[in-house]
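The primary structure of each chain is shown beneath.
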Amino acid sequence: SKEIEKIASRKALIDINDFNSEYSQVGPDQFIGLIKYSDIVFTDSFHCAAFAIIFNKPFIVFQRNNWDPRQITRLTNMFLV
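Residues numbered from 1 in each chain as written. Predicted model: local features only at pLDDT ≥ 70, side-chain atom pairs only at ≥ 80, totals over all residues. Heavy atoms only, no water.

Draft legend 1. Seen up close, the overall build of the protein. For the protein, the helix and strand inventory stands at four helices and two strands. Rg of the C-alpha trace for the protein: 13 Å, near the compact-globule value of 12 Å for 81 residues, within the 12% margin. For the protein, the spread of C-alpha atoms along the principal axes amounts to about 30 × 25 × 25 Å. A total of 81 residues make up the protein; the buried ones form 19% of that total. The contacts in the protein between residues at least 6 apart in sequence include a share of 26% that link residues at least 24 apart. Carbon and sulfur atoms form 52% of the exposed surface of the protein, whose accessible area is close to 6400 Å². (Helix = DSSP H or I, 4+ residues; strand = E, 2+ residues; numbered from the N terminus. Rg over C-alpha atoms; globule rule 2.2 N^0.38 Å. Buried < 20%, exposed > 50% of the residue type's maximum accessible area, 1.4 Å probe, protein only. Contact = heavy atoms within 4.5 Å. Areas by Shrake-Rupley, 256 points an atom, 1.4 Å probe, with all protein chains shown as cover.)

Draft legend 2. The environment of alanine 49, seen in detail. Mapped onto the elements of the fold, alanine 49 is located in helix H3 (residues 46-54). Between the C-alpha atoms of alanine 49 and isoleucine 4, which are 45 residues apart in sequence, the distance is 16 Å. Once you skip the residues sitting within four places of it in the chain, alanine 49 turns out to touch Thr43, Phe59, Val61, Leu75 and Met78.

Draft legend 3. Examining the packing of aromatic side chains more closely. Taken as a whole and assessed by the stated rule, the structure comprises two aromatic pairs. Ring centres of phenylalanine 51 and phenylalanine 55 lie 6.3 Å apart, and the angle between their planes is 20°; on these two criteria the pair is classed as stacked. For phenylalanine 51, a relative accessible area of 23% translates into the label partly exposed. Under the relative-accessibility criterion, phenylalanine 55 is labelled partly exposed at 24%. (Phe/Tyr/Trp six-rings, centres within 6.5 Å; stacked < 30°, edge-to-face > 60°.)

Draft legend 4. Here's a closer look at a nonpolar patch on the surface. The grouping of Ile53, Val61 and Phe79 at the surface amounts to a nonpolar patch, some 240 Å² of accessible area in total. Here isoleucine 53 shows up in helix H3. You can call isoleucine 53 partly exposed: its relative accessible area is 44%. (Patch = residues over 30% accessible without salt bridge, like charges linked within 9 Å, V, L, I, M, F, W, Y side chains within 5 Å. Salt bridge = Lys/Arg side-chain N within 4 Å of Asp/Glu carboxyl O.)

Here it is in structure tokens:
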């Protein structure tokens with residue numbers, strides 16, 4: 001997305017979904033650490049969004065490609081007031 005590219009041009013970007021990246025096979029502790037020490041989080045993951053909230057990190061949630069609409073329920077419910 002253009003928004004990610006704009007921010008990434010000013011910051012280091014770690015893509016854990018890039019299988020060529022050293023971060024693609026991180027364990028739970030490393031996954032949480034990446035969120036905890038980030039400046040901003042871009043995710044399509046409920047758990048990643050939840051940890052961004054816990055660590056008070058700004059985040060943007062994107063819809064996954066080929067998402068089953070029932071899978072978005074947890075994220076939708078997280079943001080209901």
